[in-house]
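Structure at a glance
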Amino acid sequence: MAAALALPGVVPGAAAQSIPDEGIFSVRYLDYRDWQPGADRMTVRSPALFVQKPFAATWLFEGSLVYDGMSGASPRYFNTLSGASGEGVKDYRTAGDARITRYHDRYAIGVGGAVSSERDFLSRAGSLDVRWWTEDRNTTLAFGFAGTADRINSNNGVADNETRYTLDWLVGVTQSVNPDAIVQSNLTFSRGHGYYDDPYKPLDTRPDYRRIVAWLTRWNQSFPSADATMRLAFRVLHDSFGTTSWMTEAQWVQSLPQGWTVQPGLRYYTQSEADFYRNPPFPTGYVPGENYSADTRLAAFGAFTASLRVAKAFADGWTGDLRIDFYRQKSSWRFGGDGSPGIDTFSARWIQAGISKAF
Amino acid sequence: MAAPPRLWRHGFRAMASAHEIVLASDSETHARSVAEAAIAEVARIEAKYSRFRDSSLVSAINRAAGGAPIRIDAETAALLDYADACHRESRGRFDITSGVLRRAWDFRREPPRVASQREIDALLPLVGWNGVERDAHAIRLPRAGMEIDLGGIGKEYAADRAAALAIDGGIAQGLVNLAGDVRVWGGLPDGRPWRVGIRHPRTEGATIAGIELADGAVATSGDYERCIVVDGRRYCHVLDATTGWPVDGWQSMSVVAPLCVVAGSGATVGMLLGEEAPRWLASEGFRWLGVDVQGVVRET
């Protein structure tokens, strides 16, 4: 769902070896819209806050808060909606996370927590991560662990106080290949059990557990003579629903005079369909008692995202940036096979504007 | 082979709600001019029949209650004939004079309050379509304080009129959605039927089912838009005119019919008939989809 644009990160990210010497406060505003041919649109507007603050010499606090206000429907499959008269669709999500990291000479330990709340969904997560680096600081090993508890209470009574528990593990290594290149490779495992059905989709029945294994590799190569960095990323993911997905992404970060940065990017994503996904028209292929879903998010498709970020650094630690992402998803763009038939092209765009201040 | 025409969507607000008109055309200019004519027709019908507008014909009829008859034109007489048929079909539960019950049932009041039987009993003498004096040219509400209200018919009629104007304007495929009452024609430009999602009665933003149709209308009545919950019990704005109390047989009722005005009144009558609805809807030959009090989808 577009609403779940980004659950606050519970899996540790990049492998910083030293505490930042500045605090950062940033305010961001996201405007999201999606559409299909002839279909109604959904809009999400999210203001967000982010704070990073070193304190007491060896501690770092990071926290964020986001509010999503949604309006319009995101039918994906329908041309329009029939309902009792009203003011249209409105919904919201609030989410926050916080993390504290203690830095030592050769290692750092962080603990974090996150909460996300919607009308019918509550998610709470806690995480622990440890990073250890070699004396020459060319190699960093990371270990992460996170637990998430979700509570689902759909108002239609289909999901009545249902729960879902997930544990995530991460092992990763970050290696400086040479002074201008760094490569990072992470392996994550996830084991969850509980309620995975979509309570708002008729007949939707999914397994009550999910295993995910994902491998993500990034390569960052800087070109000092051009004052630029190339970022490459590749991820393959397989889960016990039967879906395998591949993602590859390239970004170019170009510094320009007078504090400007321009960052174009292109991402390609493709996935195979889940074992129990059935193509439209609904409810073809439904067998009572067997797993079944017509959720197009479990279909086979391919998608491109093109993005452009422009940032400008000002005096006194102020930075302003604007980022636009354009996403398009089609069955026929699936890599290495046919996509699921009968699904309309789905498009979305994000515009994010932010200002931040180092202090 | 020529490419199929594109769909042009025009969103607009009227009657305190959000609407859309989607028209297939090779030309954006053509689609826009037709949409503007259709929107103007919706505005005309609102101005004529809205009970919220002092200058409307409905307000004039209500102000004259207990007094002299008010002259009506053929369009109004036809709508009243249709309201009369709905009254008969629902055995009096659908009654365009039942709006006075809102004086006891205020669904916007904070904190919410359930009407007392005494308040309802005091208002019921003002409810009664059978007592209304009318012919093809005039109408008179017999008692001062009586009111008529074309809710359940007026907006749906506006959707049909907007569609008729668009078809006359050369649009072979299109869709009119007035706050959830939908009229479609011609199917999608690629030959598939229109797909109308049915709003989930308990979760905003979700759909509970879908109905495919190339030509016709889908309208939905539900207990979820104007309602209060007191002591765990839900009281919705769909009131049974014979008792003055909200009905509680269905969370949502959607009816498919050739015209939106028929689908809309069919959905409301289906809500009002409760357990008897499936039999009545079948006898009328309607395709329907209801969500019962347990949240279970039932359909033809």
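Residues numbered from 1 in each chain as written. Chains lettered and ligands numbered in written order. Predicted model: local features only at pLDDT ≥ 70, side-chain atom pairs only at ≥ 80, totals over all residues.

**Brief notes about the overall build of chain B**
Test applied: In DSSP terms, a helix is any run of H or I states spanning at least four residues, a strand is any run of E spanning at least two, and both are numbered starting from the N terminus. Burial is judged by counting other C-beta atoms within 10 Å of a residue's own C-beta: 20 or more means buried, 12 or fewer means exposed, and anything between counts as partly exposed, with every C-beta placed from the backbone. Think of it this way: build a C-beta for each residue from its backbone, and any pair within 7 Å is a contact.
Assigned secondary structure in chain B consists of seven helices and 15 strands. For chain B, the proportion of its 300 residues judged to be buried stands at 49%. If you take every contact in chain B between residues at least 6 apart in sequence, the share linking residues at least 24 apart comes to 60%.

**What about the overall build of chain A?**
For chain A, the helix and strand inventory stands at zero helices and 17 strands. Residue burial in chain A is summarised as follows: out of 359 residues, 28% are buried. Relative to all contacts within chain A whose residues are 6 or more apart in sequence, the contacts with residues 24 or more apart total 59%.

**Some remarks on the nonpolar core**
What counts is decided by this rule: By definition, a nonpolar core groups buried Ala, Val, Leu, Ile, Met, Phe, Trp, Tyr and Cys residues that are joined through C-beta atoms within 7 Å.
In this structure, L23(B), A162(B), V255(B), V256(B) and A263(B) are the most contacted members of the largest nonpolar core, which totals 88 residues. Here the element with the most residues in this core is helix α6 (residues 260–273) of chain B; it accounts for nine residues. Excluding its chain neighbours within four sequence positions, the residues that come into contact with A263(B) are E156(B), A217(B), V218(B), A219(B), V255(B), V256(B) and A257(B). Judged by nonpolar contacts, the second largest core, of 10 residues, contains Y277(A), Y292(A), A299(A) and I343(A).

**Digging into the pairing of strand β11 (residues 227–230) of chain B**
Residue and element names in this part refer to chain B. Where we set the bar: Note on pairing: two strands pair once DSSP finds at least 2 bridges between them.
Two strands pair when backbone bridges link them, and β11 and strand β12 (residues 233–236) are joined in this way by four bridges, in the antiparallel orientation. Following the sheet pairing, C227 is matched in β12 by C236. The hairpin turn running from β11 into β12, its antiparallel successor, is two residues long, and D231 in that turn takes a positive phi close to 50°.

**Some thoughts on the sheet that holds strand β6 (residues 174–178) of chain B**
Residues and elements named next belong to chain B. Rule in force here: Geometry is summarised by axes, namely lines fitted to C-alpha atoms with helices restricted to the contacting stretch, and by angles between N-to-C directions that run from 0 to 180 degrees.
With antiparallel pairing, eight strands are arranged side by side in an open sheet as β1-β2-β6-β7-β10-β13-β14-β15. Among the strands making up the open sheet, the edge pair consists of β1 (6–14) and β15 (297–299). Strand-to-strand, the axes of this sheet are offset by a mean angle of 15°, without reference to chain direction. In terms of strand pairing, strand β13 (residues 250–257) meets strand β14 (residues 287–292) through six bridges, oriented antiparallel. Within β14, the position partnered with S252 by the bridge is V291.

**A closer look at the pairing of strand β13 (residues 244–255) of chain A**
Moving residue by residue along a regular strand, the side chains alternate between the two faces of the sheet. All names here are of chain A. Taken together, the 11 bridges between strand β12 (residues 228–239) and β13 define a ladder with antiparallel strand orientation. Residue pairing in the sheet places L237 in a bridge with S245 of β13. Between β12 and β13, which pair antiparallel and follow one another directly, the connecting turn spans four residues, one of which, G242, has a positive phi of 100°. When β13 meets strand β14 (residues 260–271), the two strands line up antiparallel, connected through nine bridges. Following the sheet pairing, A250 is matched in β14 by L266. Hairpin geometry of β13 and β14 is characterised by an intervening segment of four residues between the two adjacent antiparallel strands and by a positive phi of about 60° at Q258.

**Observations regarding α6(B)**
Which entries qualify depends on this criterion: One less than the residue count of a helix, multiplied by 1.5 Å, gives the span that helix is expected to have.
Under the 1.5 Å per step criterion, the end-to-end length of α6(B) is 20 Å for 14 residues, consistent within 8% with the ideal 20 Å. Counting buried positions along α6(B) yields 14 of 14 residues, so the element is predominantly enclosed.

**Topic: the confidence of the model for chain A**
All names here are of chain A. The cut-off we apply is this: On a range of 0 to 100, pLDDT expresses the predictor's confidence in each residue.
Of the residues in chain A, 87% reach a pLDDT of 70 or more, and the chain-wide mean stands at 85. Here strand β4 (residues 80–82) stands out as the element of chain A with the lowest mean pLDDT, 79, in contrast to β14, whose mean of 97 is the highest. pLDDT under 50 marks residues 1–15. Its contacts with residues more than four places away, or in other chains, come to 41 contacts.

**Regarding helix α5 (residues 154–168) of chain B**
All names here are of chain B. Its 15 residues place the ends of α5 21 Å apart at the C-alpha level, agreeing with the 21 Å of an ideal helix rising 1.5 Å per residue. Within α5, 11 of the 15 residues are buried, which leaves it mostly tucked inside the rest of the structure. Looking one or two residues past α5, G170 carries a phi angle of roughly 95°, positive in sign.

**Details of the packing of helix α1 (residues 28–49) of chain B against α5(B)**
Residues and elements named next belong to chain B. For clarity, the threshold we go by: Geometric relationships in this document are graded by angle, where less than 35 degrees denotes roughly parallel, more than 145 denotes roughly antiparallel, 65 to 115 denotes roughly perpendicular, and other angles denote oblique. Should the near helix be turned anticlockwise from the far one by less than a right angle, the crossing is termed left-handed; should it be turned clockwise, right-handed. Under the convention adopted here, Pro, Cys and the residues Ala, Val, Leu, Ile, Met, Phe, Trp and Tyr are nonpolar, Asp, Glu, Lys and Arg are charged, and Gly plus all remaining residues are polar.
Orientation of α1 relative to α5, taken along the N-to-C sense of each, is 150°, at an axis distance of 9 Å. For the element pair α1 / α5, the angle class is roughly antiparallel. For the pair α1 and α5, the crossing hand works out as right-handed. Mapping the contact onto sequence places V34, A37, A38, E41, V42, I45 and Y49 in α1 and G154, Y157, A158, R161, A162, L165 and A166 in α5. Split into classes, the residues belonging to the contact of α1 with α5 amount to 11 nonpolar, one polar and two charged.

**Details of the sheet that holds strand β8 (residues 194–199) of chain B**
Here we have three strands laid out as an open sheet, ordered β4(A)-β8(B)-β9(B), and mixed in their pairing. The sheet is open, and its two borders are formed by β4 of chain A together with β9 (207–213) of chain B, each paired with just one other strand. With strand direction ignored, the average angle separating the axes of adjacent strands in the sheet is 35°. Relative to β8(B), β4(A) runs parallel, the two sharing three bridges. Looking at β8(B), one finds that T80(A) is bridged to V196(B).

**What to know about the confidence of the model for chain B**
Residue and element names in this part refer to chain B. Summarising the model, chain B shows a mean pLDDT of 91, and 98% of its residues fall at 70 or more. The least confident element of chain B, judged by mean pLDDT, is β1 at 78; the most confident is strand β5 (residues 138–140) at 97. As a predicted assembly, this complex carries a pTM of 0.58 together with an ipTM value of 0.80.

**Quick notes on the packing of α5(B) against α6(B)**
Residue and element names in this part refer to chain B. At a closest axis distance of 7 Å, the pairing of α5 and α6 adopts a crossing angle of 155°. Between α5 and α6, the interaxial angle falls into the category roughly antiparallel. Along this stretch, α5 crosses α6, giving a crossing that reads as right-handed. Counting all contacts with α5, which are made through E156, Y157, A159 and D160, the residues of α6 involved are C260, V261, A263 and G264. The residue inventory of the contact of α5 with α6, partitioned by class, reads five nonpolar, one polar and two charged.

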